[in-house]
Amino acid sequence: MRVLIPQEELERRITELAAEINRDYADSDRLVCVGVLKGSVFFMVDLLKQLTVPLAIDFFQTSSYGSGTVPGEVRIRKDLDLSIRDRDVLLIEDIVDTGYTLRTILALLRFRGARSVKLCALLDKAAAREVEVQIDYRGFEIDKLFVVGYGLDFDERYRNLPYIAVWEPDEPADVPSPS
Ligand code: IMP
């Protein structure tokens, strides 16, 4: 597997994002950081350890790609435990791909009366976007590749890699089979 973003680069960028967030929320005592399970967990932990503003933590889990889902259809599998009415919500996501998941979650957070809603995404696969999503804090823009590591999986594997790698099938599809 090819390393796309090494660990040191992730750490450096996350420190920059944390500094920005600390600055922007310096006057807020109502911040709730909401992670989207499971992929955002590694990013969320490393980012939040560097936040100095008072905050609460909560999680959403949505259905992932797979059987029974069609593009644009997003199901909530685990809802928030906390009320976010009048809170400043910072949604933390691993990757924005088509944008359908985030669009649904952001609309739901606003509907529930959050005072403000912003999005922090580690990776932005901008070329794959099908619906517009505003990313307020973006780690890296990447090409339209399937990536794993640092929370991201392929079939629940590779989440624990400490870097982002490009997932490549074991057997390259373009190798001709012997006849
Ligand atoms: P979207 O709704 O298409 O933006 O998809 C967002 C979700 O799809 C992410 O939270 C990931 O769980 C998953 N996803 C999208 N691209 C990748 C990838 O390259 N690797 C692993 N998971 C991905």
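Whatever comes next refers back to the structure up there.
Anyway, here's the lowdown on the structure attached to this text. (Residues numbered from 1 in each chain as written. Predicted model: local features only at pLDDT ≥ 70, side-chain atom pairs only at ≥ 80, totals over all residues. Heavy atoms only, no water.)

## As for the overall build of the protein
Then, number 1: Tallying secondary structure elements over the protein gives 3 helices and 9 strands in all.
Then, number 2: Put simply, the protein runs from its N terminus to its C terminus through helices and strands in the order β-α-β-α-β-β-β-α-β-β-β-β.
Then, number 3: In the protein, buried positions account for 45% of the 179 residues.
Then, number 4: Sequence separation of at least 24 residues holds for 65% of the intrachain contacts in the protein that already meet a minimum separation of 6.
Then, number 5: Entry remark: accessible area of the protein is about 9900 Å², with carbon and sulfur atoms responsible for 49%. (Helix = DSSP H or I, 4+ residues; strand = E, 2+ residues; numbered from the N terminus. Buried < 20%, exposed > 50% of the residue type's maximum accessible area, 1.4 Å probe, protein only. Contact = heavy atoms within 4.5 Å. Areas by Shrake-Rupley, 256 points an atom, 1.4 Å probe, with all protein chains shown as cover.)

## Digging into the packing of aromatic side chains
Then, number 1: Inspection of the entire model under this criterion finds 4 aromatic pairs.
Then, number 2: Both rings, one in phenylalanine 146 and one in tryptophan 167, keep their centres 6.3 Å apart while their planes meet at 80°; by these two values the pair is edge-to-face. Residue phenylalanine 146 is located in the loop between β7 (137–141) and β8 (147–148), and its partner tryptophan 167 is located in the segment after β9 (164–166); the two are separated by 21 residues in the primary sequence.
Then, number 3: Note on phenylalanine 154 and tryptophan 167: the rings are 4.0 Å apart at their centroids and 20° apart in plane angle, and the pair reads as stacked. (Phe/Tyr/Trp six-rings, centres within 6.5 Å; stacked < 30°, edge-to-face > 60°.)

## A look at the nonpolar core
Looking at soluble globular proteins, one finds that nonpolar side chains tend to be buried together.
Then, number 1: Phe43, Leu47, Leu90, Ile92, Leu122, Leu123 and Ile164 are the most contacted members of the largest nonpolar core, which totals 29 residues.
Then, number 2: Those elements that provide at least two residues to this core are α1 (7–24), β2 (31–37), α2 (41–48), β5 (88–96), β6 (116–124), β7 and β9.
Then, number 3: Top contributing element to this core by residue count: α1, with 5 residues.
Then, number 4: In this view, leucine 47 contacts Ile14, Leu17, Ala18, Ile21, Ile92 and Cys120; residues no more than four positions away in its chain are not counted.
Then, number 5: Membership of the second largest hydrophobic core comes to 20 residues, among which are Ala56, Val96, Ile105 and Val117. (Core = buried A, V, L, I, M, F, W, Y, C linked by side-chain atoms within 4.5 Å.)

## Some words on the sheet that holds strand β3 (residues 55–62)
Then, number 1: Across the sheet, 6 strands lie side by side as β4-β3-β2-β5-β6-β7; this open sheet has mixed pairing. Each having just a single partner strand, β4 (76–78) and β7 make up the two edges of the open sheet. Between one strand axis and the next, the sheet turns by 30° as a mean value, whatever way the strands run.
Then, number 2: Pairing geometry for β2 and β5, over 5 bridges, is parallel. Within β5, the position partnered with leucine 31 by the bridge is aspartate 88.
Then, number 3: Lying over the sheet, helix α3 (residues 100–111) contacts β2, β3, β4, β5 and β6, oriented at roughly 170° with respect to β5. (Pairing = 2+ DSSP bridges. Axes fitted to C-alpha atoms, helices over the stretch in contact; angles between N-to-C directions.)

## Focus: the environment of alanine 165
Then, number 1: For alanine 165, the location among the structural elements is in strand β9.
Then, number 2: C-alpha of alanine 165 to C-alpha of phenylalanine 146: the two residues are 19 residues apart in sequence and 8.6 Å apart in space.
Then, number 3: The residues touching alanine 165, leaving out its near neighbours within four places in the chain, are Met1, Arg2, Val3, Leu4, Phe146, Val147 and Val148.

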